[in-house]
Amino acid sequence: MAELYSSERNIKIIRKLRELLRDLPVFCSEFAVGVENTTTPLTRLNYIIDVKIFLHYLIDEKVLPLNSVKDITLDALDKLPVSVFESFLSYVTAYGDDDNIRTNTEYGKARKLSALRALFKFFYKREKLSRNAVALIDTPKIHTKNIIRLDIKEIEQILETAQNGEGLTSRQKSYHELTKVRDLAILTLFLGSGIRISELVGIDVQDIDIENREFVITRKGGNQDILPFGDEVMEALEAYLEIRRGIIPAEGHEEAFFLSMQRKRINVRTVENLVKKYAAIAAPLKKISPHKLRSTYGTMLYNKTGDIYIVADMLGHKDVNTTRKHYAEIEKDRKRYAAEVIKLKNTDPTADNED
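Definitions and limits used
- Residues numbered from 1 in each chain as written.
- Predicted model: local features only at pLDDT ≥ 70, side-chain atom pairs only at ≥ 80, totals over all residues.
- Heavy atoms only, no water.
- Helix = DSSP H or I, 4+ residues; strand = E, 2+ residues; numbered from the N terminus.
- Buried < 20%, exposed > 50% of the residue type's maximum accessible area, 1.4 Å probe, protein only.
- Areas by Shrake-Rupley, 256 points an atom, 1.4 Å probe, with all protein chains shown as cover.
- 1 Å grid on protein atoms, 1.4 Å probe; cavity = no way out; pocket = protein on both sides within 12 Å on 5 of 7 lines; lining within 4 Å.
- Points joined across faces, edges and corners; volume = space filled by probe spheres on them.
- Nonpolar A, V, L, I, M, F, W, Y, C, P; charged D, E, K, R; others polar.
- Pairing = 2+ DSSP bridges.
- Phe/Tyr/Trp six-rings, centres within 6.5 Å; stacked < 30°, edge-to-face > 60°.
- Patch = residues over 30% accessible without salt bridge, like charges linked within 9 Å, V, L, I, M, F, W, Y side chains within 5 Å.
- Salt bridge = Lys/Arg side-chain N within 4 Å of Asp/Glu carboxyl O.
- Lys, Arg positive; Asp, Glu negative; His and termini not counted.
- Charge placed at Lys NZ, Arg CZ, Asp CG, Glu CD.
- Expected span 1.5 Å × (residues − 1).
- Arc of directions from axis to C-beta.
- Contact = heavy atoms within 4.5 Å.
- Axes fitted to C-alpha atoms, helices over the stretch in contact; angles between N-to-C directions.
- Parallel < 35°, antiparallel > 145°, perpendicular 65-115°, else oblique.
- Left-handed = near helix turned anticlockwise from the far one by under 90°.

In this section: the overall build of the protein chain. Counting its secondary structure elements, the protein chain contains 15 helices and 5 strands. Each principal axis of the C-alpha atoms in the protein chain carries an extent, and together these give about 75 × 75 × 40 Å. By the burial criterion, 42% of the 355 residues in the protein chain qualify as buried. In the structure as shown, the protein chain presents an accessible area of about 21200 Å², 49% of it carried by carbon and sulfur atoms.

This brings us to unusual backbone geometry. Residue lysine 62 is not a glycine yet carries a positive backbone phi of 55 degrees. Residue placement: lysine 62 occurs in the loop between α3 (41-60) and α4 (74-78). Positive phi, normally seen in glycine, also occurs at arginine 263, with a value near 65 degrees. With respect to the helices, strands and loops of the structure, arginine 263 is situated in the loop between α10 (231-244) and α11 (268-282).

In this section: the layout of surface pockets. Counted as a void, the second largest pocket has a volume near 680 Å³. Considering the residues around the second largest pocket, the lining is formed by 25 residues, among which Leu159, Thr188, Gly192, Glu232 and Val233 are closest to the centre. Of all the secondary structure elements, the ones that give two or more residues to the lining of the second largest pocket are α7 (152-164), α8 (170-193), α10 and α12 (290-305). Per element, the largest residue contribution to the lining of the second largest pocket is 7 residues, and it comes from α7. Class assignment of the residues belonging to the lining of the second largest pocket gives a composition of 15 nonpolar, 4 polar and 6 charged.

Where strand β4 (residues 214-218) meets strand β5 (residues 224-228), 5 bridges bridge the pair, whose relative direction is antiparallel. Among the inter-strand pairings, glutamate 214 is bridged to a residue of β5, identified as proline 228. Hairpin geometry of β4 and β5 is characterised by an intervening segment of 5 residues between the two adjacent antiparallel strands and by a positive phi of about 95 degrees at glycine 221.

Evaluated as defined, the whole model comprises 15 aromatic pairs. Measuring from centroid to centroid gives 5.0 Å for phenylalanine 54 and phenylalanine 88, while their planes differ by 80 degrees, and the two rings are edge-to-face. One end of the pair, phenylalanine 54, is in helix α3; the other, phenylalanine 88, is in helix α5 (residues 82-91), with 34 residues separating them in the sequence. Considered together, phenylalanine 54 and phenylalanine 88 belong to a single accessibility category, that of buried residues. Aromatic pair phenylalanine 122 and phenylalanine 123: ring centres 4.9 Å apart, planes at 85 degrees, arrangement edge-to-face. Accessibility assignment for this pair places phenylalanine 122 and phenylalanine 123 in one class, buried. Each member of the aromatic cluster is reached from another via a ring pair, and the members are Phe54, Tyr57, Phe85, Phe88, Tyr91, Tyr95 and Phe120.

Now for a negative patch on the surface. Residues Glu232, Glu235, Glu238 and Glu242 make up a contiguous surface patch of negative charge. One can find glutamate 235 in helix α10. Classification of glutamate 235 as exposed rests on a relative accessible area of 51%.

As a further point, take α10. With 14 residues, α10 extends 19 Å between its outermost C-alpha atoms, agreeing within 8% with the 20 Å of an ideal straight helix rising 1.5 Å per residue. Buried within α10 are the following residues: Val233, Met234, Ala236, Leu237, Tyr240, Leu241 and Arg244. Axial view of α10: buried residues confined to an arc of 165 degrees, hence all on one face. In α10, the exposed positions angled more than 90 degrees off the buried face are occupied by Glu232, Glu235 and Glu242.

Mapped onto the secondary structure, alanine 312 falls in helix α13 (residues 308-315). By relative accessible area, which is 5% here, alanine 312 ends up buried. On a C-alpha basis, the gap between alanine 312 and aspartate 98 in space is 43 Å, while along the polypeptide they are 214 residues apart. Sequence-distant contacts of alanine 312, that is, excluding residues within four places in its chain, are made with His317, Val320 and Thr323.

The next subject is the pattern of salt bridges. Taken as a whole, this structure holds 12 salt bridges when the rule is applied. Arginine 182 is the salt-bridge partner of aspartate 183, the closest N and O atoms lying 2.9 Å from each other. Linking glutamate 199 and arginine 196 is a salt bridge whose minimum nitrogen-to-oxygen distance equals 2.6 Å. For the pair glutamate 199 and arginine 196, a shared accessibility class is recorded, and that class is buried. Through salt bridges with shared partners, a single network forms among Arg196, Glu199, Arg219 and Asp225.

Put simply, α5 and helix α6 (residues 106-125) touch, their axes get as near as 10 Å, and they point 150 degrees apart. Relative to α6, the element α5 lies roughly antiparallel. In this structure, α5 meets α6 at a crossing whose hand is right-handed. Here Phe85, Phe88 and Leu89 of α5 come into contact with α6, specifically with Lys109, Lys112, Leu113, Leu116 and Phe120. Classifying every residue of the contact of α5 with α6 by side-chain character gives 6 nonpolar, no polar and 2 charged.

Spelled out as structure tokens, the structure:
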């Protein structure tokens, strides 16, 4: 089941988390363990990565007169003024040496602030910090981005390109003959269900039920969901399934549905690259990723149904406000249409008046 892939992925994340914690103060491990029941392994890893950046900032920028990150204590954090956290957010706009400059937009800054808020809130509640200075910092203003998505002609083009290889380089065409059925199934599934890339690569053979036109995925957080699919997705999956039955997978990858050319479970990077390859031909002016295919599906579904709750359910959003935020511009267009379609006066002189 897809649940097995998710479990294996979580084990790798936990191992990476433990490696990071070895070089950090003991309180970081206490924090990671303390929030384990309310967060996913990936969330905890991201928290610790961002906390690590903050702790190194305190040492590298000589905010604290210490020689090592491991020397930092909760008492030292408790004494930091609010201005230190504001300076940190400014620092991460662009930091590092000339050979390795790292940058953060408002999204990256907001994520780092979220990690520090979680850390300080955790120890403040346990009375190991006397104050929660991070709570006084305003979240960086997030500028809303227009949804980048494919239009109907571009959707047709990307699927046709995956099917016939037109527009690919000679080198790409040599591989295309071996992967075109798989690639078409992947693109069709993305566009016909709106699933995340992590959900797609985790699909196992037994998760696909062609007869009932539905499949199982493991959502963010580990919950399983059963999604239906339509005729076009069914045809693409059936075609690939026929080929998949004839492939002997590499050891340890027997259950995986989508396989790489090495007969192993296809990975995220490979899927990202194949989407990029076909999208560059179908929509050269747009930077299309698997997530943009998800946005394309969400937009089409919302335009067809007008029901934000259906869109939220199909996309696996726990909070409908998350969905509404992403599709706010479409809602504005629908409301604008609603405002204009109602006429209070009869402007057609030829229309008959009611008795």
